[in-house]
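# Residue-level structural notes
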Amino acid sequence: MKPLLTPSILAANFANLEADIKAAEKGGADYFHLDIMDGHFVPNISFGPWIAKQMKAITKVPLDAHLMITKPREYIPKFIDAGVELIYPHVEGSYDVYRTVQMIIDHGARAGITLNPATSVVSVEGVIDIIDSVLLMSVCPGFGGQKFIPSTMKKISDLRALLDELKPSVRIAVDGGVTLENIGHLRKAGADFFIAGSAVFNAPDIEQRVRDMRKAMQ
Ligand code: DX5
Ligand code: ZN
């Protein structure tokens, strides 16, 4: 599976979002990542499905949504209607995440599952039949611009070994503190999708940074 670079628009300039999106698209962004925060599941508030709808009008790059919200099932149909193709709910804080994942699939999107830094990789086993990716948080969710947690490196290789045993087609995404410097190491450890906010949108030249990160992840 070829690696995919997924800029997170959380770090983009919302006063001129279209310019940032176009620059990342020109550089070769494979996906855009929407960080959805409700102020309850994480201590920050971001944006809702309407932003996906507006983005669909200006870019052909596919969208994923990372749901950091306490009631994901209330919003999943809205994100899919808005054009999101891949949705990542969290395994934490929900006794029936299988139902949430199933709902994503029933509504016609693809589903991943997200694990916080302190959540063990074995927690994917209960939903393995119906997911096609696992998103490993490499920072505590809630904010962009945090430092990569080093133990994630081993977690990626442990998860890769577990997936190879259970379902080799499942891909690993890594989110938080991904930079031009560490992206190559993350690829070597076994990650496939690289989500990066500040490393892309705080760069002096967004288009060039996307190009450089895509090269470094090969
Ligand atoms: C954090 C989000 C991340 C964040 C990444 O809760 O899930 O997607 O935007 O930002 P950086 O790349 O700046 O760590
Ligand atoms: Zn995210």
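In what follows, the structure referred to is the one given above.
Note that the coordinates shown come from a computational prediction; the quantities given were computed from them, not determined experimentally. (Residues numbered from 1 in each chain as written. Chains lettered and ligands numbered in written order. Predicted model: local features only at pLDDT ≥ 70, side-chain atom pairs only at ≥ 80, totals over all residues. Heavy atoms only, no water.)

### Some details on the nonpolar core
Core analysis: the biggest nonpolar cluster contains 65 residues, and Ile9, Phe32, Leu34, Ile113, Val134 and Phe194 have the highest contact counts within it. With residues near it in sequence (within four places) discarded, valine 134 still touches Ile113, Leu115, Val124, Leu159, Val170, Arg171, Ile172 and Ala173. Met137, Ala173, Phe193 and Ile195 belong to the second largest nonpolar core, which has 10 residues in total. (Core = buried A, V, L, I, M, F, W, Y, C linked by side-chain atoms within 4.5 Å. Buried < 20%, exposed > 50% of the residue type's maximum accessible area, 1.4 Å probe, protein only. Contact = heavy atoms within 4.5 Å.)

### Side note on the sheet that holds strand 7 (residues 171-175)
What links the strands of a sheet is backbone hydrogen bonding, and the strands pair in either a parallel or an antiparallel sense. Within the open sheet, the eight strands sit side by side as 1-8-7-6-5-4-3-2. Their pairing is parallel. The sheet is open, and its two borders are formed by strand 1 (4-7) and strand 2 (32-37), each paired with just one other strand. In this sheet, adjacent strand axes meet at a mean angle of 20 degrees when their direction is disregarded. For strand 1 and strand 8 (residues 193-196), the ladder comprises four bridges, and the chain directions are parallel. Bridge assignment links leucine 5 to a residue of strand 8, and that residue is phenylalanine 194. Its contacts with the sheet place helix 2 (residues 49-56) against strand 2 and strand 3 (63-68), and it is angled at close to 160 degrees to strand 2. (Pairing = 2+ DSSP bridges. Helix = DSSP H or I, 4+ residues; strand = E, 2+ residues; numbered from the N terminus. Axes fitted to C-alpha atoms, helices over the stretch in contact; angles between N-to-C directions.)

### Some remarks on the coordination of the zinc ion (ligand 2)
Ideal geometry at a metal centre gives angles of 109.5 degrees when four donors are arranged tetrahedrally and 90 or 180 degrees when six donors are arranged octahedrally. Taken together, the protein ligands of the zinc ion (ligand 2) are His33 (NE2), Asp35 (OD), His66 (ND1) and Asp175 (OD), with distances of 2.0 to 2.3 Å. The sequence motif formed by the donor residues of the zinc ion (ligand 2) is H-x1-D-x30-H-x108-D. Here aspartate 35 is found in strand 2, whereas its partner aspartate 175 is found in strand 7, with 140 residues between them in sequence. According to the relative accessible area criterion, aspartate 35 is buried, its value standing at 5%. When its relative accessible area of 8% is taken as the criterion, aspartate 175 is described as buried. (Donors = N, O, S within 2.8 Å, 3.2 Å for Na, K, Ca; no water.)

### Side note on helix 8 (residues 206-216)
The set of residues buried in helix 8 consists of Ile206, Val210 and Met213. Down the axis of helix 8, the buried set is contained in an arc of 70 degrees. They therefore lie on one face. Packed against the buried residues of helix 8 are strand 1, helix 1 (17-27), helix 6 (183-189), strand 8 and helix 7 (198-201). Put simply, aspartate 205 is the residue that caps the front of helix 8, since its side-chain oxygen is 3.3 Å from the backbone nitrogen of glutamate 207. (Arc of directions from axis to C-beta. Polar contact = N/O pair within 3.5 Å; in protein donor to acceptor, adjacent residues only side chain to side chain.)

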